[in-house]
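Report on the structure
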Amino acid sequence: MMDQQRQMPGIWAGMVAVARRDLLLVLKRPGDVLNPLFFFAMVATLFPLAVGPSVEQLEFSGPGVLWVAALLAMLLSLNSLFTSDFEDGSLEQMLVSSLPLSALAFGKAAAHWLSSGLPLVIVSPLVAMTFRMPVAVVGVLMLTLLLGTLSLSLLGSIGAALTVGLHRGTALLSLLVLPLSMPVLIFGARTVSLAAAGDTAAGGLYFLAAYTVLIMSIAPFATAAALRISNE
Amino acid sequence: MRCKALTAKLSGDDLTLFRGDRCLFKGLNFALNPGEVLLLEGRNGSGKTSLLRAIAGLIELETGRVSWDGVPIRGQRQAFHLALVWLAHRVGFKADLTLLENLRFESSLRPQAERDLEEVLERLGIERLKNLPMRALSAGQQRRVALARMLLADAVLWMLDEPVTNLDREGRSLVMQLVSEHAAHNGMVIMAAHQDIKLEAPMQTIRL
């Protein structure tokens, strides 16, 4: 009888609590967020220096370089998504909590996106300036990055969950996540290129949005299952 | 035994677990009812923690099943975890967050008993540490925070893995007192320990 009276904490509240806790941790250790951001900015600004100041070349290679740099920066930060939770035992506490693990995994991915993906989107116009990107194209770039980084955070959480128990899982994580993130890279970079050439960007954006929604609806469950396996 | 197992609140039937090639336990049965304490004894590495983890549903058993209210927990993980609080070897707190921030996060993970936070912290002797980050706390103090999580949660079943590790003598007797109280209030406790445990509650022992 007692069981029925027991109030279950809300799923939404649990998701928010996980995200809030992770963001609070980021605030206390901002270095972890700044690392991938620096990586992104450095790769993308070094490139024009190496390629040379030819406007044509920069405009041509800009979208691709920015997107590759963003993808790698996201991968870099995904590595540690579950590691500290695994090591200090709080992952185990989440596994035995009464909330669905998929909701908690979604909360973690959301916090990761807010702390790694969103800053990338925000600094991307600055970096795009070094490639002489027109303002209208910068808008498209930001939109593609917004959708792309969101799906990368979610995709990466599956890989991070699978490799959490392994030491030096970095290579394996990249191997797992990269194939699934190819559509994001291809459509992201191509959409920006097309916009730069004066074409419409709508098709690519629709695809990216659809892919993001698809990943969003699958990834939390896959992550939860992977976490249970990794914790055996 | 079978009849008893079927009516028990929590029961394990023919549990077998291998780790690698080694058989940790085979054909193990237990039945636990409200108000009772189950003590798991054994040497280091004898499989106490593995058995606890298997009962909590964290690892898959080779054979057998664990039932809660007569229903296998695999089919009702959520209902089972709703009634469970788990005190593991690793305390499961974030080192960078303060004691209060950690406990606040915990409160959104599981149902909470209507206990006064201040009172619980005071009883555990960690009340003046509440605004310190966890990394500033000693191992024993962190252990006490884990006990606070246990007391604040509204859980019938306590699963404790070596609860007295790192605790001083007073802390150890406090744990025993808390466990006895919980059992007296119709709670259930499964505890793995290699030290001598003295309790004032009905106790079964499994030697691994």
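None of the values given here were measured: they were computed from a predicted structure.

1. Comments concerning the overall build of chain B
- Helix and strand content of chain B: 7 helices and 9 strands.
- Taken over the C-alpha trace, chain B has a radius of gyration of 17 Å; the compact-globule value for 208 residues is 17 Å, and the two agree within 12%.
- Each of the three principal axes of chain B carries a C-alpha extent, and together these read 50 × 35 × 30 Å.
- Relative to its full complement of 208 residues, chain B shows a buried share of 44%.
- Taking as baseline every contact in chain B between residues at least 6 positions apart, the subset at least 24 positions apart corresponds to 72%.

2. Focus: the sheet that holds strand E6 (residues 84-87) of chain B
Residue and element names in this part refer to chain B.
- Strand order in the open sheet formed by 5 strands is E6-E7-E8-E3-E9, with parallel pairing between adjacent strands. Each end of this open sheet is capped by a strand with a single partner; those strands are E6 and strand E9 (203-207). Sheet twist, expressed as the average angle between the axes of neighbouring strands with direction ignored, equals 15°.
- Here 4 bridges tie E6 to strand E7 (residues 157-161), and the two strands are oriented parallel to one another. In the sheet register, Leu84 faces E7, and the bridge partner there is Leu157.
- Relative to strand E8 (residues 188-193), helix H2 (residues 48-55) is tilted by about 155°, and along the sheet it contacts strand E3 (37-41), E7 and E8.
- Seen against the sheet, helix H7 (residues 169-184) touches E3, E7 and E8 and runs at an angle of roughly 150° to E8.

3. Some details on H7 of chain B
All names here are of chain B.
- Under the 1.5 Å per step criterion, the end-to-end length of H7 is 23 Å for 16 residues, consistent within 8% with the ideal 22 Å.
- Of all the residues in H7, the buried ones are Val175, Leu178, Val179, His182 and Ala183. Projected down its long axis, H7 carries its buried residues within an arc of 130°, all on one side. Counted as exposed and oriented over 90 degrees from the buried face of H7: Arg169, Glu170 and Ala184.
- If you follow the buried residues of H7, they end up packed against E3, helix H6 (139-152), E7 and E8.
- Count one or two residues on from H7 and you reach Asn186, which has phi positive near 70°.

4. Comments concerning the sheet that holds strand E2 (residues 22-32) of chain B
Residue and element names in this part refer to chain B.
- Spatially, the 4 strands line up as an open sheet ordered E2-E1-E4-E5, and their pairing is antiparallel. Each edge of the open sheet carries a strand with a single partner, namely E2 and strand E5 (71-72).
- Direction of pairing for strand E4 (residues 63-68) relative to E5: antiparallel, over a ladder of 2 bridges. Within E5, the position partnered with Ser67 by the bridge is Pro72.
- Packed on one face of the sheet, H2 meets strand E1 (10-19), E2 and E4 and runs near 125° to E1.

5. Comments concerning the confidence of the model for chain B
All names here are of chain B.
- With 96% of its residues at a pLDDT of at least 70, chain B reaches an overall mean of 87.
- Across chain B, element-level confidence peaks in E7 with a mean pLDDT of 92 and bottoms out in helix H1 (residues 2-7) with 52.
- Scored below 50 in pLDDT, residues 1-5 shows 6 contacts in the model against residues more than four places distant or in partner chains.
- Note on the complex model: pTM 0.89, ipTM 0.88.

6. Quick word on the interface of chain B and chain A
- Opposite the 28 residues of chain B that make contact, chain A presents 27 residues.
- Of all elements in the fold, only helix H3 (77-82), E6 and helix H4 (99-107) of chain B reach the threshold of two or more residues within the side of chain B that touches chain A.
- For the side of chain B that touches chain A, the element with the most residues is H3 of chain B, which contributes 4 residues.
- Split into classes, the residues belonging to the side of chain B that touches chain A amount to 17 nonpolar, 4 polar and 7 charged.

7. Overview of the packing of helix H5 (residues 117-124) of chain B against H6 of chain B
All names here are of chain B.
- Across the interface, H5 lies against H6 with an axial gap of 10 Å and an inter-helix angle of 140°. In terms of orientation, H5 lies oblique with respect to H6. Of the two elements, H5 crosses H6, and the hand of that crossing is right-handed. Between H5 and H6, the residues in contact are Leu117, Val120, Leu121 and Leu124 and Arg144, Leu147, Ala148, Leu151 and Leu152, respectively.
- When grouped by side-chain class, the residues that make up the contact of H5 with H6 number 8 nonpolar, no polar and 1 charged.

8. Some thoughts on unusual backbone geometry
Residues and elements named next belong to chain B.
- Residues other than glycine seldom take positive phi values, yet Glu162 does so here, at roughly 50°.
- Here Glu162 shows up in the loop between E7 and H7.
- Of note in the backbone geometry, Asn166 takes a positive phi value of approximately 70° without being a glycine.
- Accessibility expressed as a C-beta count within 10 Å gives 15 for Asn166, which makes it partly exposed.

9. Re the environment of Val127 of chain A
Residue and element names in this part refer to chain A.
- With respect to the element layout, Val127 can be found in helix H7 (residues 101-129).
- In the structure, Val127 is positioned 86 residues away from Ala41 in sequence and 6.4 Å away in space, judged by C-alpha atoms.
- Apart from the residues lying within four places of it in its own chain, the contact partners of Val127 are Ala41, Ala44, Thr45 and Leu66.

10. A few points about the confidence of the model for chain A
- Confidence in the prediction for chain A averages 88 pLDDT; 97% of positions are at 70 or higher.
- The model gives residues 1-5 of chain A a pLDDT under 50, and that stretch makes 3 contacts with residues more than four places away or in other chains.

11. Points about the nonpolar core
- The biggest cluster of nonpolar side chains holds 135 residues, and the ones touching the most others in it are Ala70 of chain A together with Leu84 and Met159 of chain B.
- Looking at which element gives the most residues to this core, the answer is helix H8 (residues 135-162) of chain A, with 16 residues.

What counts and what doesn't
- Residues numbered from 1 in each chain as written.
- Chains lettered and ligands numbered in written order.
- Predicted model: local features only at pLDDT ≥ 70, side-chain atom pairs only at ≥ 80, totals over all residues.
- Helix = DSSP H or I, 4+ residues; strand = E, 2+ residues; numbered from the N terminus.
- Rg over C-alpha atoms; globule rule 2.2 N^0.38 Å.
- Buried ≥ 20, exposed ≤ 12 C-beta atoms within 10 Å, placed from the backbone.
- Contact = placed C-beta atoms within 7 Å.
- Pairing = 2+ DSSP bridges.
- Axes fitted to C-alpha atoms, helices over the stretch in contact; angles between N-to-C directions.
- Expected span 1.5 Å × (residues − 1).
- Arc of directions from axis to C-beta.
- pLDDT = per-residue confidence, 0-100.
- Nonpolar A, V, L, I, M, F, W, Y, C, P; charged D, E, K, R; others polar.
- Parallel < 35°, antiparallel > 145°, perpendicular 65-115°, else oblique.
- Left-handed = near helix turned anticlockwise from the far one by under 90°.
- Core = buried A, V, L, I, M, F, W, Y, C linked by C-beta atoms within 7 Å.

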